[in-house]
Amino acid sequence: MTTKTSELLAVAAPRTVAVVRGISDDQLDLPTPCPDYSVRDLLGHLFDVLINFQVLARHGEADWSGKTDHLTDGWRDRFAAEADRLVEAWSDPAAVEGVSAGMGLPQETVGDMALIDLTVHGWDLARATGQRIAVDPAVLAAGHGFMDAMGDTGQRMGAFGEPVPTTPEATDLDRLLGRTGRDPAWNR
């Protein structure tokens with residue numbers, strides 16, 4: 001079985017996994033568009049996203065306090081495996097039903113949070129390491145829908161920075177990035 005959330009994650013995840021596989025060890029200390037995160041830090045955060053959003057899909061309470069070093073031997077393969085597990089966890093129709101015990105939000109919204117984290121942080125890592133990432137139009141549409149519903153709340157909670165204005169000619173991806181507080185023209 002699948003859900004709309006798992007279908008979108010199944011499109012987004014392989015693209016972020018490809019970026020992660022393209023990161024060399026000598027790039028781990030580079031800065032990213034997230035001012036407080038190096039590539040290494042952002043990879044650690046994204047590992048936590050993959051793992052914790054699996055728990056949230058099962059209506060559990062995620063633990064964001066851990067400081068596990070995920071970048072040990074075989075980390076690229078483990079990242080890919082966790083991304084697959086994330087898609088699988090959100091494939092269960094029960095994953096998108098009801099309200100999240102851990103976050104107090106509709107489960108569908110929680111699934112969209114996973115999607116936007118995977119997508120935007122995939123872009124962050126690609127930009128930081130000189131790679132490109134293509135984002136599917138359906139994923140972009142879901143990201144904009146999430147920002148319409150939760151962008152202001154996310155900004156107040158510190159999940160997103162101040163919106164960065166974009167031009168009328170900006171792509172849908174650039175507009176989404178700007179809405180999350182990223183400068184689409186950022187480079188190291």
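Residues numbered from 1 in each chain as written. Predicted model: local features only at pLDDT ≥ 70, side-chain atom pairs only at ≥ 80, totals over all residues. Heavy atoms only, no water.

Observations concerning the overall build of the chain
Move 1: Looking only at helices and strands, the chain has 6 helices and 0 strands in total.
Move 2: Along the chain, helices (α) and strands (β) appear in the sequence α-α-α-α-α-α when read from the amino end.
Move 3: Computed over C-alpha atoms, the radius of gyration of the chain comes to 16 Å, within 12% of the 16 Å expected from 2.2 N^0.38 for 188 residues, which places it in the range of a compact globule.
Move 4: Judged by the C-alpha coordinates and their principal axes, the chain covers about 45 × 40 × 30 Å.
Move 5: Expressed as a percentage of its 188 residues, the buried residues of the chain come to 49%. (Helix = DSSP H or I, 4+ residues; strand = E, 2+ residues; numbered from the N terminus. Rg over C-alpha atoms; globule rule 2.2 N^0.38 Å. Buried < 20%, exposed > 50% of the residue type's maximum accessible area, 1.4 Å probe, protein only.)

Some words on the environment of F160
Move 1: Mapped onto the elements of the fold, F160 is located in the loop between helix 5 (137–156) and helix 6 (172–179).
Move 2: F160 gets classed as buried once you look at its relative accessible area, which sits at 13%.
Move 3: As a C-alpha pair, F160 and L177 span 17 residues in sequence and 10.0 Å in three-dimensional space.
Move 4: Setting aside anything within four residues of it in sequence, one finds F160 in contact with F146, M147, M150, G151, G154, Q155 and T180. (Contact = heavy atoms within 4.5 Å.)

A word on the packing of aromatic side chains
Move 1: In this structure the tally under the stated criterion is 3 aromatic pairs.
Move 2: Both rings, one in F47 and one in F79, keep their centres 5.3 Å apart while their planes meet at 90 degrees; by these two values the pair is edge-to-face. Residue F47 is located in helix 2 (residues 39–57), and its partner F79 is located in helix 3 (residues 75–89); the two are separated by 32 residues in the primary sequence.
Move 3: Overall, F47 belongs to the buried group, its relative accessible area being 2%.
Move 4: Judged by its relative accessible area of 0%, F79 falls in the buried class.
Move 5: Between F53 and W64, the ring centres sit 5.8 Å apart and the planes meet at 65 degrees, which makes this aromatic pair edge-to-face. With F53 in helix 2 and W64 in the loop between helix 2 and helix 3, this pair connects stretches of sequence that are 11 residues apart.
Move 6: When its relative accessible area of 2% is taken as the criterion, F53 is described as buried. (Phe/Tyr/Trp six-rings, centres within 6.5 Å; stacked < 30°, edge-to-face > 60°.)

So, the layout of surface pockets
Move 1: Size it by volume and the largest pocket reaches roughly 730 Å³.
Move 2: Around the largest pocket sit 27 residues that line it, and H45, D117, G158, A159 and F160 are the ones nearest its centre.
Move 3: With 5 residues, the top contributor of residues to the lining of the largest pocket is helix 4 (residues 107–128).
Move 4: Of the residues in the lining of the largest pocket, the class split is 17 nonpolar, 8 polar and 2 charged.
Move 5: If you add up the space inside the second largest pocket, you get close to 270 Å³.
Move 6: The wall of the second largest pocket is formed by 13 residues, among which D41, G44, H45, D48 and K67 lie closest to the centre. (1 Å grid on protein atoms, 1.4 Å probe; cavity = no way out; pocket = protein on both sides within 12 Å on 5 of 7 lines; lining within 4 Å. Points joined across faces, edges and corners; volume = space filled by probe spheres on them. Nonpolar A, V, L, I, M, F, W, Y, C, P; charged D, E, K, R; others polar.)

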